[in-house]
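Spelled out from the first residue to the last, the chains are:
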Amino acid sequence: MAQQFNPQNVKTRTSVLVFIKGSTAPLVLYVENPQDLYNELVQAMKSSTASFIEKETSGPLKKVCFVSNQIAALAMQEEQYV
């Protein structure tokens, strides 16, 4: 018998996608407060001085680092999971 779909079991989470210059796939970062991380990275992109950014995340990537002047784009993605 097929398992019934129960919409009450569906949860959503938001990740921050960081597109690095020269990379084909974005870094997908799961953090406690994605809006704060997004805002922090936007400010780093606006800065004329390059800065080293290192973050610990709760997703498959446990720790990530990159230089702010290598960020090509940012996005926030909401996804559903069970």
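Anything mentioned here points back to the structure above.
Overview of the structure. (Residues numbered from 1 in each chain as written. Predicted model: local features only at pLDDT ≥ 70, side-chain atom pairs only at ≥ 80, totals over all residues. Heavy atoms only, no water.)

Some points on the packing of aromatic side chains
Piece 1. The tally for this structure, following the rule as stated, stands at zero aromatic pairs.
Piece 2. Cation over ring: Arg 13 sits above Tyr 81, and NZ or CZ is 4.7 Å from the ring centre. (Phe/Tyr/Trp six-rings, centres within 6.5 Å; stacked < 30°, edge-to-face > 60°. Lys NZ or Arg CZ within 6 Å of the ring centre and 35° of its normal.)

A closer look at the environment of Pro 26
Piece 1. Note on placement: Pro 26 falls in the loop between β1 (11-20) and β2 (27-29).
Piece 2. When the C-alpha atoms of Pro 26 and Ser 68 are compared, they prove to be 14 Å apart, with 42 residues separating the residues in sequence.
Piece 3. If sequence neighbours within four positions are ignored, Pro 26 has contacts with Leu 17, Val 18 and Phe 19. (Helix = DSSP H or I, 4+ residues; strand = E, 2+ residues; numbered from the N terminus. Contact = heavy atoms within 4.5 Å.)

What about the sheet that holds β1?
Piece 1. Reading across the sheet, the three strands line up as β2-β1-β5 and stay open at both edges, with antiparallel pairing between neighbours. Edge positions in the open sheet fall to β2 and β5 (71-81), since each of these has one partner strand only. For this sheet, the mean angle separating the axes of adjacent strands, direction not counted, is 25°.
Piece 2. Of the pairings in the sheet, the one linking β1 to β2 comprises three bridges and is antiparallel in character. (Pairing = 2+ DSSP bridges. Axes fitted to C-alpha atoms, helices over the stretch in contact; angles between N-to-C directions.)

Side note on the pattern of salt bridges
Piece 1. Under the definition given, this model contains four salt bridges.
Piece 2. In this structure, Glu 79 and Arg 13 form a salt bridge, with 3.0 Å as the shortest nitrogen-oxygen distance. On the criterion of sequence distance, the pair formed by Glu 79 in strand β5 and Arg 13 in strand β1 is long-range, its members being 66 residues apart.
Piece 3. Overall, Glu 79 belongs to the buried group, its relative accessible area being 18%.
Piece 4. In this structure, Glu 54 and Lys 63 form a salt bridge, with 3.8 Å as the shortest nitrogen-oxygen distance.
Piece 5. Here the salt bridges do not stand alone but share partners, grouping Glu 54, Glu 56 and Lys 63 into one network. (Salt bridge = Lys/Arg side-chain N within 4 Å of Asp/Glu carboxyl O. Buried < 20%, exposed > 50% of the residue type's maximum accessible area, 1.4 Å probe, protein only.)

None of this, on its own, says anything about what the molecule does.
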